[in-house]
Amino acid sequence: MGQIASLESWKTGLVTRSGAETEQAAEAFADLLPPDTVLSLSGELGSGKTTFVRGLARGLGYAGDVTSPSFSLLNVLEGRRRLLHVDAYRLKTPEAFDGLMVWDLAKTPWNLVVEWPERVEGRLPAESWRMEAAMLPDGAHRYRLVQPA
Ligand SMILES: Nc1ncnc2c1ncn2[C@@H]1O[C@H](COP(=O)(O)OP(=O)(O)OP(=O)(O)O)[C@@H](O)[C@H]1O
Ligand SMILES: [Mg+2]
């Protein structure tokens, strides 16, 4: 890659060839994502959602490790902004999302990133940003920003 991707190239679909490349791209994406917004991050198992969040968190000034909140369901990563990282895979119902009290933790400036947003249908704001991750047949990963259009 070598250069910072524009919003337009994320909308077209950014292809990366290693986890490190994804992290680097996602780190730069942090500058494109406005504060106090939700990013819904969909894609099949292993498509690279958590890898993306790792870079995003770094771009938001978080220096620690980013692990999947599969069991904790919610991680709070404190950087220049507070990044709330939810993995909804194990949420039994959309109502269970309410129990995480995410909005109470959304202290400005914040971002919320949600893996498996399908599981919390109707719980995220309509104006959420939406990124779709996919694994391509040749082993590369593609990230496409589908909202805002
Ligand atoms: N170009 C790439 N982008 C992202 N990850 C990649 C890439 N190439 C290889 N990988 C590897 O693919 C794996 C992606 O795992 P990751 O946990 O990020 O996926 P996930 O979508 O969060 O999975 P889950 O659905 O279980 O939450 C990692 O082991 C990562 O190193
Ligand atoms: Mg994950």
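Now for a look at the structure at hand.

Analysis parameters
Residues numbered from 1 in each chain as written. Chains lettered and ligands numbered in written order. Predicted model: local features only at pLDDT ≥ 70, side-chain atom pairs only at ≥ 80, totals over all residues. Heavy atoms only, no water. Helix = DSSP H or I, 4+ residues; strand = E, 2+ residues; numbered from the N terminus. Rg over C-alpha atoms; globule rule 2.2 N^0.38 Å. Buried < 20%, exposed > 50% of the residue type's maximum accessible area, 1.4 Å probe, protein only. Contact = heavy atoms within 4.5 Å. Near = heavy atom within 4 Å. Polar contact = N/O pair within 3.5 Å; in protein donor to acceptor, adjacent residues only side chain to side chain. Areas by Shrake-Rupley, 256 points an atom, 1.4 Å probe, with all protein chains shown as cover. Pairing = 2+ DSSP bridges. Donors = N, O, S within 2.8 Å, 3.2 Å for Na, K, Ca; no water. Axes fitted to C-alpha atoms, helices over the stretch in contact; angles between N-to-C directions.

For the rest of this paragraph, the subject is the overall build of the protein chain. If you tally the helices and strands in the protein chain, you get five helices and seven strands. Starting at the N terminus, the α and β elements of the protein chain follow one another as α-β-α-β-α-β-β-α-α-β-β-β. The C-alpha atoms of the protein chain give 14 Å as radius of gyration, which agrees with the globular expectation for 149 residues (15 Å, within 12%). With the C-alpha coordinates of the protein chain rotated into their principal frame, the extents come out at 40 × 30 × 30 Å. Counting only residues that meet the buried cut, the protein chain has 48% of its 149 residues in that class.

A few words now on the environment of Leu145. The topology assignment puts Leu145 in strand β7 (residues 141-147). By relative accessible area, which is 2% here, Leu145 ends up buried. For the pair Leu145 and Thr12, spaced 133 residues apart in sequence, the C-alpha separation works out to 7.5 Å. Each residue touching Leu145, except ones within four places of it in the same chain, is listed here: Leu7, Trp10, Lys11, Phe29, Trp129, Arg130 and Met131.

Not every one of the 17 residues close to ligand 1 is listed here, only the nearest: Thr16, Thr22, Lys49, Thr50 and Thr51. Between ligand 1 and the protein, one listed contact pairs a nitrogen atom with a side-chain N or O atom of Thr22 at 2.6 Å. The contact in question runs from an oxygen atom of ligand 1 to an N or O atom on the side chain of Trp116, over 3.3 Å. Within the complex, the protein chains bury 68% of what would otherwise be the 640 Å² of accessible surface of ligand 1. Per-element accounting of the shell around ligand 1 gives the leading share, three residues, to helix α3 (residues 49-59).

Most of strand β5 (residues 110-115) is tucked away: six of the six residues are buried. Alternating positions in β5 separate into two faces, Trp110, Leu112 and Val114 on one and Asn111, Val113 and Glu115 on the other, with burial throughout. Relative to β5, strand β2 (residues 37-42) runs parallel, the two sharing five bridges. Residue pairing for β5: Val38 is matched across the bridge by Leu112. Note that strand β4 (residues 82-87) and β5 share six bridges and pair parallel. Among the inter-strand pairings, Leu84 is bridged to a residue of β5, identified as Leu112.

Right, let's talk about the environment of Leu136 for a bit. When you line up the elements, Leu136 lands in the loop between β6 (129-135) and β7. Each C-alpha atom, one on Leu136 and one on Asp65, is 27 Å from the other, the two residues being 71 residues apart in sequence. Once residues lying within four places of it in the same chain are set aside, the contact partners of Leu136 are Val15 and Arg142.

This paragraph deals with the coordination of the magnesium ion (ligand 2). Within the protein, the magnesium ion (ligand 2) binds to Thr50 (OG1) and Glu115 (OE); these donor distances fall in the range 2.1 Å. In this pair, Thr50 is assigned in helix α3 and Glu115 in strand β5, connecting sequence segments 65 residues apart. The exposure class assigned to Glu115 is buried, which follows from its relative accessible area of 3%.

Spatially, β1-β7-β6-β2-β5-β4-β3 is the arrangement adopted by the seven strands of the open sheet, whose pairing is mixed. Lying at the two open borders of the sheet, with one neighbouring strand each, are β1 (14-16) and β3 (74-78). Averaged over all pairs of adjacent strands, the angle between their axes in this sheet comes to 20°, without regard to strand direction. Taken together, the three bridges between β1 and β7 define a ladder with antiparallel strand orientation.

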